[in-house]
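What follows is the residue order along each chain.
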Amino acid sequence: MKKFRDLPTPCLILDLDRFEGNLDRMSRFVTERAVALRPHSKTHKCPQIAQRQIARGAIGICVATIAEAEVMVRSGIQGLLITAELVGQPKLSRFVELLKRAPNTMLVVDNIEGVSELQTVVQRAGLQSGVLIDLDIGQNRTGIKPGEPARELADTIARSPNLRLKGLCAYAGHVAHASGFETRLQKSRDAISLALETRDRLRQAGHDLPILSVGSTGTYNIDSDIAGVTEIQAGSYVFMDVEYRQIGSASDNVYTDFSPALTVLATVIHRSQGKAIVDAGLKAFATDRPFGPELLDVTGVKYEFAGDEHGRLVLENPSRPINIGDTLRFMLPHCDPNVNLYDRIHCIQGDDVVDVWSIMDRSGGYF
Ligand SMILES: Cc1ncc(COP(=O)(O)O)c(C=O)c1O
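Draft legend 1. Summary view of the overall build of the chain. Within the chain, the regular secondary structure consists of 10 helices and 17 strands. Against the 2.2 N^0.38 benchmark of 21 Å for 367 residues, the chain shows a C-alpha radius of gyration of 22 Å, consistent with a compact globule. Considering only C-alpha atoms, the chain reaches an extent of 70 × 45 × 35 Å along its principal axes. Across the 367 residues of the chain, 56% fall into the buried class. When the accessible surface of the chain is totalled, it reaches about 15200 Å², and 48% of it is carbon and sulfur.

In structure tokens, the structure reads:
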């Protein structure tokens, strides 16, 4: 069997034991709380992972793009929620084709023109589509404002014969990485109370809203305790990353609820006084955060970006010798954009490569 240390570097390595431990942990947690899990697959873009999430009880998956939705549906995944608005005919016509194969797919909407455009294309195809109102509960990205604007949008959806209002999607992206559990607790409760007030107002206006979909890896254990939340959209918990480890958990300064399962494998290609150079630089890691990757299982070493193909290891007080030709595993700074840089994931058990999974068949569009 092929050993992972013989793979060409840089490449993505998934430790299956840690990964499955993460899936089991989340699955047990939501089952105990009697809340559903519709995990976000923007993190992994990988049907094999979505299938494993569903096999452990997830009610479906979230996707961020029409291309992700197509890849998942081609692999037989159902129960999709598309969490970003689809605007313009090129995307809407693909959405209609998708609906034919996956009629229970739901799409978020956040404005009246979008509802009208969606109603037209879905009606023309003789179909029905479930929709959730995308609510801006503080992230200031997409989403209609809570309260009256959301009520007007709900009325418009109710007047659209081919659309079915299923509920609210209220992602508090500004809270997911708030540092310190108590801070996250307060911020998330405040944000979700806006969604609950809106849900009540819409119900009073006669709308049935069975779904309130919220949450992230940072708030899964906060939001699942809030009465009225029906499902959690966490994504990063499957892989974990440096960013999430920094936010702290309910009991620890480091967020250790889930283990770092996905790493980039790199080779030491140069060694000189106090430093080593690896073959993984700006093209191997996401660079959207003010920090870089961190070595898995080695302390006393600091990574610095040193170019497109190079990373510098400052050997402050390494917990093991680092020599030329060594292969080292790095935790990702931010998992979602990091995964998007690669085409496949090498799955390992111990030292063995036991499987290789495709991240995204790009033929339907790059993202
Ligand atoms: C709409 C939406 N829901 C859920 C998530 C999942 O969050 P996380 O990966 O932090 O668990 C994201 C992540 O960006 C998102 O954009």
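Draft legend 2. Broad picture of the site of the ligand. In the region of the ligand, 14 residues are neighbours, and Thr217, Gln233, Gly235, Ser236 and Tyr244 sit closest. In this structure, Tyr171 approaches the ligand through a side-chain N or O atom, which is 3.2 Å from an oxygen atom. Contact between the ligand and Gly235: an oxygen atom at 2.8 Å from a main-chain N or O atom of the residue. Here the ligand loses 93% of its free accessible area of 390 Å² to cover by the protein chains.

Draft legend 3. Layout of the nonpolar core. One finds Leu14, Leu118 and Ile133 to be the most contacted residues of the largest nonpolar core, which totals 103 residues. Leaving out residues up to four positions away in the same chain, Leu14 has contacts with Phe19, Phe239, Ala261, Leu262, Ile345, His346, Cys347, Ile348 and Trp357.

Draft legend 4. Here's a closer look at the sheet that holds strand E3 (residues 61–63). As summarised here, the arrangement of the eight strands in space is E2-E9-E8-E7-E6-E5-E4-E3, forming an open sheet in which the pairing is parallel. Across the chains shown, the open sheet's two edge strands, defined by having one partner strand only, are strand E2 (36–37) and E3. Of the pairings in the sheet, the one linking strand E8 (residues 211–214) to strand E9 (residues 231–232) comprises two bridges and is parallel in character. Across the sheet, residue Ser213 finds its bridge partner in E9, namely Glu231. Relative to the sheet, helix H5 (residues 112–124) contacts strand E5 (106–109), strand E6 (129–134) and strand E7 (163–170), its axis offset from that of E7 by approximately 140 degrees.

Draft legend 5. Summary view of the pairing of strand E16 (residues 344–349). Summarising the sheet, strand E1 (residues 11–15) and E16 pair through three bridges and their orientation is parallel. What sits directly across from Ile13, in E16, is His346. Here six bridges tie E16 to strand E17 (residues 352–358), and the two strands are oriented antiparallel to one another. Along E17, the bridge assignment pairs Gln349 with Asp352. Here E16 folds back onto E17, and the loop between the two strands holds two residues, one of which, Gly350, carries a positive phi near 60 degrees.

Draft legend 6. Focus on the side chain of His40. Structurally, His40 can be placed in the loop between E2 and helix H2 (47–55). Separated by 3.1 Å, the side chain of His40 and the backbone nitrogen of Lys42 make a polar contact. For His40, the contacting residues outside a window of four places in its chain are Cys62, Val63, Ala64, Thr83, Gln233, Ala234 and Gly235.

Draft legend 7. How the structure looks around the packing of helix H1 (residues 16–33) against H2. One can describe the packing of H1 onto H2 by two numbers: an axis separation of 10 Å at closest approach and a directional angle of 40 degrees. Between H1 and H2, the angle falls in the class oblique. In terms of crossing hand, the pair formed by H1 and H2 is right-handed. Mapping the contact onto sequence places Phe19, Glu20 and Leu23 in H1 and Ile49, Arg52 and Gln53 in H2.

Draft legend 8. Spotlight on helix H3 (residues 66–74). Among the nine residues in H3, eight count as buried, and that is most of the element. All of the buried residues along H3 are Ile66, Ala67, Glu68, Ala69, Glu70, Val71, Met72 and Val73. The inward-facing, buried residues of H3 abut H2, E3, strand E4 (80–82) and helix H4 (89–101). Of the residues trailing H3, Gly76 is marked for its positive phi of about 90 degrees.

Draft legend 9. Local environment of the pattern of salt bridges. Across all of its chains, the model carries 20 salt bridges by this definition. Asp136 is paired through a salt bridge with Lys145; the nearest N and O atoms lie 2.9 Å apart. Classification of Asp136 as buried rests on a relative accessible area of 7%. The network of salt bridges with common partners includes Glu148, Arg151, Asp155 and Arg201.

Conventions and cut-offs
Residues numbered from 1 in each chain as written. Predicted model: local features only at pLDDT ≥ 70, side-chain atom pairs only at ≥ 80, totals over all residues. Heavy atoms only, no water. Helix = DSSP H or I, 4+ residues; strand = E, 2+ residues; numbered from the N terminus. Rg over C-alpha atoms; globule rule 2.2 N^0.38 Å. Buried < 20%, exposed > 50% of the residue type's maximum accessible area, 1.4 Å probe, protein only. Areas by Shrake-Rupley, 256 points an atom, 1.4 Å probe, with all protein chains shown as cover. Near = heavy atom within 4 Å. Polar contact = N/O pair within 3.5 Å; in protein donor to acceptor, adjacent residues only side chain to side chain. Core = buried A, V, L, I, M, F, W, Y, C linked by side-chain atoms within 4.5 Å. Contact = heavy atoms within 4.5 Å. Pairing = 2+ DSSP bridges. Axes fitted to C-alpha atoms, helices over the stretch in contact; angles between N-to-C directions. Parallel < 35°, antiparallel > 145°, perpendicular 65-115°, else oblique. Left-handed = near helix turned anticlockwise from the far one by under 90°. Salt bridge = Lys/Arg side-chain N within 4 Å of Asp/Glu carboxyl O.

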